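Residue-level structure breakdown
What follows is each chain in one-letter form.
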Amino acid sequence: MGSILHPAIRAFRDEDLAGVLRIERASFGRDAWSREAFVYYAEAAPHLFLVARVSGRIAGYSVATLTRYGAEIDSLAVLPRYRKLGLATALMKATIRKLRRAGVRKISLMVRRSNAAAIRLYRSLGFVRTATVPNYYPGGATAWRMRLTLP
Ligand SMILES: CC(C)(COP(=O)(O)OP(=O)(O)OC[C@H]1O[C@@H](n2cnc3c(N)ncnc32)[C@H](O)[C@@H]1OP(=O)(O)O)[C@@H](O)C(=O)NCCC(=O)NCCS
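A quick note: this is a predicted structure, and the numbers were derived from the prediction, not measured. (Residues numbered from 1 in each chain as written. Predicted model: local features only at pLDDT ≥ 70, side-chain atom pairs only at ≥ 80, totals over all residues. Heavy atoms only, no water.)

Before going further, it helps to spend a moment on the site of the ligand. Residues in close proximity to the ligand total 20 residues, the closest being L76, K84, G86, T89 and N115. With respect to the ligand, the backbone of G86 contributes an N or O atom lying 2.7 Å from an oxygen atom. A distance of 3.1 Å separates an oxygen atom of the ligand from a polar side-chain atom of R120. Protein chains shield 75% of the accessible area of the ligand, which is 910 Å² for the free molecule. A majority-of-atoms criterion places the ligand in the largest pocket. Those elements that place two or more of their residues in the shell around the ligand are α1 (17-28), β4 (70-78), α3 (87-101), β5 (106-112) and α4 (116-124). Grouping the constituent residues of the shell around the ligand by class yields 13 nonpolar, four polar and three charged. (Near = heavy atom within 4 Å. Polar contact = N/O pair within 3.5 Å; in protein donor to acceptor, adjacent residues only side chain to side chain. Areas by Shrake-Rupley, 256 points an atom, 1.4 Å probe, with all protein chains shown as cover. 1 Å grid on protein atoms, 1.4 Å probe; cavity = no way out; pocket = protein on both sides within 12 Å on 5 of 7 lines; lining within 4 Å. Sits in = over half its atoms within 2 Å of the grid points. Helix = DSSP H or I, 4+ residues; strand = E, 2+ residues; numbered from the N terminus. Nonpolar A, V, L, I, M, F, W, Y, C, P; charged D, E, K, R; others polar.)

What follows is the structure in structure tokens.
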């Protein structure tokens, strides 16, 4: 059982799905992933689909997958009322630790150029921008590709 400052991070379980979908809809609105998308990732890379629990409640999640070149952070979100408490940082650090142990050296992600909170978070973890991709998102928003190279 975690507290605000020490969220419990563990791999996703089927019983977490409703909580993850709640976070997803609160975070991404009409761009939210479907239930099926999360079921897919839970099967594709179960050890890299993590949830953060606070007082027994699912407050955040992260999804990563292995790629030809290393790994990709596919999604990350925290329930609005639990933001700015370090949950996303805890999820990312746990993911990075697992990937490092698996021998991964490069971790990539795409983020909206306008998403200042996420960009700050990723920079604080050592990610750097490697490309700018215009029209990446539906509606034409620009993405940044960011990458973390592990020592
Ligand atoms: C981005 C998001 C995951 C951050 O989650 P979080 O748990 O609040 O992040 P943390 O508390 O670990 O914050 C870590 C750092 O990120 C940065 N950060 C986080 N939220 C921020 C905000 N609103 N404004 C500015 N910087 C912010 C800060 O540098 C922060 O460190 P600090 O608290 O020491 O200043 C969360 O805002 C969210 O779910 N947003 C909607 C979904 C989303 O955009 N996901 C990312 C898609 S690529």
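Of all nine residues that make up β4, eight are buried, and the element is covered over most of its length. In this sheet, β4 lies alongside strand β3 (residues 57-67) in antiparallel orientation, the contact comprising eight bridges. What sits directly across from G60, in β4, is V78. Adjacent in sequence and paired antiparallel, β3 and β4 are bridged by two residues. Bridge analysis of β4 against β5 gives three bridges, and the strand direction is parallel. Counterpart to I73 in the pairing with β5 is L109. (Buried < 20%, exposed > 50% of the residue type's maximum accessible area, 1.4 Å probe, protein only. Pairing = 2+ DSSP bridges.)

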